[in-house]
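# Summary of structural features
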Amino acid sequence: MNFDLETFVENFFTCQGAIIEKSGSNLDVLAPQKLARRVGIPNFCSLKIGHENPNGCAVHYGSQLLENIAAAACDTVPLTITQLTFHYLKSEGFDRLIQDLFGFDNAIVGVENSAKVKTEYIILTCRYLAQSDEQKEGLIPFGFNLETGAPVDKLESMLDSVAKKYEVEGLDAALDEKKIQKIIKWVQGRALKLIKIRIEAFVESMNRRFKRDVANLNEYYMELKKEMTKALKRPGISLELMAEREKKIDLIPDELAKKKEDLFKKYSIKVNLRLSGVKLIRTPAVKLFCKADIGRRQKHFTLFFNPITKSIDPLLCAKCSEETFQVHFNKLLHPCCPQCG
């Protein structure tokens, strides 16, 4: 427990620009003045982790300092910058890899040149909340090549085995407004597809319950109408009572429709997506300069070999912006997916 707490505290101060040094069971913290005031510590202090400290600052479960740190951590979406290192970077065999991964309907494609470059990927971890009669929540990571916008699935899970170091300088300048607007557009384009997969079983469950309750409702009002109609045939019923019951029978369809509408609202699903964390990945990669021969015309374009996935990032369709490995070049020589080609 103390190790988890210490890791949390250390990561928090590091990501906020503080300088951390371990000193036995304590953490020596040199914090920016604004941060120190925010959490209620001196600019320089020695934090005792997991136990009370009568002579100084302490972070333990239930302490006010931990509450202050947790509140500050939740104020903004955390951004982590990770620099990756690869001892070996693929330098050949790209033509074969492209042929294995991609299908080009109307072109012959080859690699003219390649270059080792620095590029950036970004992982946005988002929390989704699907609410109906019940609710389901979870986390979805969205990975993209920050230069091309190409989505990269399962990027987060592949980072564990890669040599890396974390950067704390330049966090504020890492993402400018232009990049942020592009990222928002990319997430909006993929969110519906990925959330639909995550909540598929939840949607099916709500649909089954809705159909079951509607069937029970239909059966109940059908039996009610039969009983009320049968009651009209009983001897000795007054004309006034008969008229009243007939009026109630006439109201049954409207009442049934209203009940069904209530059920529809009860089992309708609302989904909320909220950003929880951002990881910016700076990594060496290989940029491939490709040429497509399309009849008598030629198209030059680039691809990225991603050393994290050990594969090539997909192309984006010029029309719908969906990723594709099955490419058709249109009349303007723009790469398109099968649906738009």
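Our subject is the structure listed above.
An account of the accompanying structure is given in this report. Predicted model, so just to flag it, every value in this text is computed and none were measured. (Residues numbered from 1 in each chain as written. Predicted model: local features only at pLDDT ≥ 70, side-chain atom pairs only at ≥ 80, totals over all residues. Heavy atoms only, no water.)

Before going further, it helps to examine the overall build of the protein. Within the protein one finds seven helices and 16 strands. Rg of the C-alpha trace for the protein: 31 Å, well past the compact-globule value of 20 Å for 341 residues, more than 25% over. For the protein, the C-alpha atoms occupy an extent of roughly 95 × 80 × 30 Å along the three principal directions. In the protein, the share of contacts with a sequence separation of at least 24, taken over all contacts with a separation of at least 6, comes to 64%. (Helix = DSSP H or I, 4+ residues; strand = E, 2+ residues; numbered from the N terminus. Rg over C-alpha atoms; globule rule 2.2 N^0.38 Å. Contact = heavy atoms within 4.5 Å.)

With that settled, the discussion passes to the packing of aromatic side chains. The full count for this structure, using the stated rule, is 11 aromatic pairs. Three or more aromatic residues link up through ring pairs in this structure, and these residues are F102, F104, F301, F325 and F329. When the ring centre of F94 is taken as reference, the NZ or CZ atom of K90 above it lies at 5.8 Å. (Phe/Tyr/Trp six-rings, centres within 6.5 Å; stacked < 30°, edge-to-face > 60°. Lys NZ or Arg CZ within 6 Å of the ring centre and 35° of its normal.)

For the rest of this paragraph, the subject is the side chain of R190. By the secondary structure assignment, R190 is in helix α5 (residues 177-198). Ignoring anything within four residues of it in the chain, the contact list for R190 reads F142, F144, P151, D153 and E323.

With that out of the way, let us pick up helix α6 (residues 200-231). Spanning 32 residues, α6 covers 47 Å between terminal C-alpha atoms, matching the ideal 46 Å at 1.5 Å per step. Taken residue by residue, α6 has F202, M206, R209, D213, V214, L217, Y221, M228 and A231 as its buried positions. Check the buried side of α6 and you find it contacts β7 (108-131), β8 (135-145) and α7 (239-267). (Expected span 1.5 Å × (residues − 1). Buried < 20%, exposed > 50% of the residue type's maximum accessible area, 1.4 Å probe, protein only.)

A few words now on the state of the cysteines. Disulfides are covalent bonds that connect the sulfur atoms of two cysteines. According to the stated counting rule, one finds zero disulfides in the structure shown. Looking at C320, it has no disulfide partner, and the nearest cysteine sulfur is the one in C317, 3.6 Å off. Among the cysteines around C337, which has no disulfide bond, C320 carries the closest sulfur, lying 3.7 Å off. A residue is classified by how much of its surface remains accessible, and C337, at 4% relative accessible area, is buried. (Disulfide = S-S within 2.5 Å.)

Next up on the list: the sheet that holds strand β1 (residues 19-23). Strand order in the open sheet formed by four strands is β1-β2-β3-β4, with mixed pairing between adjacent strands. Edge positions in the sheet fall to β1 and β4 (58-59), since each has one partner strand and no second. Here strand β2 (residues 26-30) pairs with strand β3 (residues 44-49) via five bridges, running antiparallel. Its bridge partner being in β3, V29 is matched across the sheet by C45. (Pairing = 2+ DSSP bridges.)

Counted under the stated rule, the structure contains 20 salt bridges. As a salt-bridge pair, K193 and E322 come within 2.7 Å of each other at their nearest N and O atoms. With K193 in helix α5 and E322 in the loop between β13 (315-316) and β14 (323-324), this residue pair connects regions lying 129 residues apart in the sequence. Under the relative-accessibility criterion, K193 is labelled partly exposed at 35%. (Salt bridge = Lys/Arg side-chain N within 4 Å of Asp/Glu carboxyl O.)

Before going further, it helps to examine the pairing of strand β11 (residues 297-306). When strand β10 (residues 270-294) meets β11, the two strands line up antiparallel, connected through nine bridges. Bridged to A292 within β11 is K299. Two successive antiparallel strands, β10 and β11, enclose a turn made up of two residues, where G295 displays a positive phi of approximately 65°. Taken together, the two bridges between β11 and strand β12 (residues 311-312) define a ladder with antiparallel strand orientation. When the bridges of β12 are listed, N306 appears paired with S311. The hairpin turn running from β11 into β12, its antiparallel successor, is four residues long, and K310 in that turn takes a positive phi close to 60°.

A surface patch of nonpolar side chains, about 320 Å² in accessible area, is lined by I19, L30 and F44. Assignment of secondary structure puts L30 in strand β2. According to the relative accessible area criterion, L30 is partly exposed, its value standing at 42%. (Patch = residues over 30% accessible without salt bridge, like charges linked within 9 Å, V, L, I, M, F, W, Y side chains within 5 Å. Areas by Shrake-Rupley, 256 points an atom, 1.4 Å probe, with all protein chains shown as cover.)

A few words on α5. Taking 1.5 Å of rise per residue, 22 residues should cover 32 Å, and α5 covers 30 Å from first to last C-alpha, within 8% of that figure. Maximal helix bending in α5 amounts to about 40°, located at A191. Where α5 is concerned, the buried positions are I183, W186, V187, R190, A191, L194 and I195. Where the residues of α5 are buried, they touch β7, β8, β10 and β14. (Bend = angle between axes of the 7 residues up to and from the residue.)

The next point concerns the packing of α6 against α7. Where α6 contacts α7, the two axes come as close as 10 Å, and the packing angle between them is 170°. The angle between the axes of α6 and α7 places the two elements in the roughly antiparallel class. Broken down by class, the residue content of the contact of α6 with α7 amounts to 14 nonpolar, two polar and 10 charged. (Axes fitted to C-alpha atoms, helices over the stretch in contact; angles between N-to-C directions. Parallel < 35°, antiparallel > 145°, perpendicular 65-115°, else oblique. Nonpolar A, V, L, I, M, F, W, Y, C, P; charged D, E, K, R; others polar.)

The next thing to look at is the nonpolar core. I122, F142 and I183 are the most contacted members of the largest nonpolar core, which has 33 residues in total. Mapped onto this core, the elements with two or more residues apiece are β5 (79-85), β7, β8, α5, α6, α7 and β10. With residues near it in sequence (within four places) discarded, I183 still touches I122, L124, L146 and L175. (Core = buried A, V, L, I, M, F, W, Y, C linked by side-chain atoms within 4.5 Å.)

With that settled, the discussion passes to the pairing of β3. Where a strand is regular, its side chains alternate between the two sheet faces. The alternating pattern of β3 places C45, L47 and I49 on a buried face, while none of F44, S46 and K48, on the opposite face, is buried. Pairing geometry for β3 and β4, over two bridges, is parallel. When the bridges of β4 are listed, I49 appears paired with V59.

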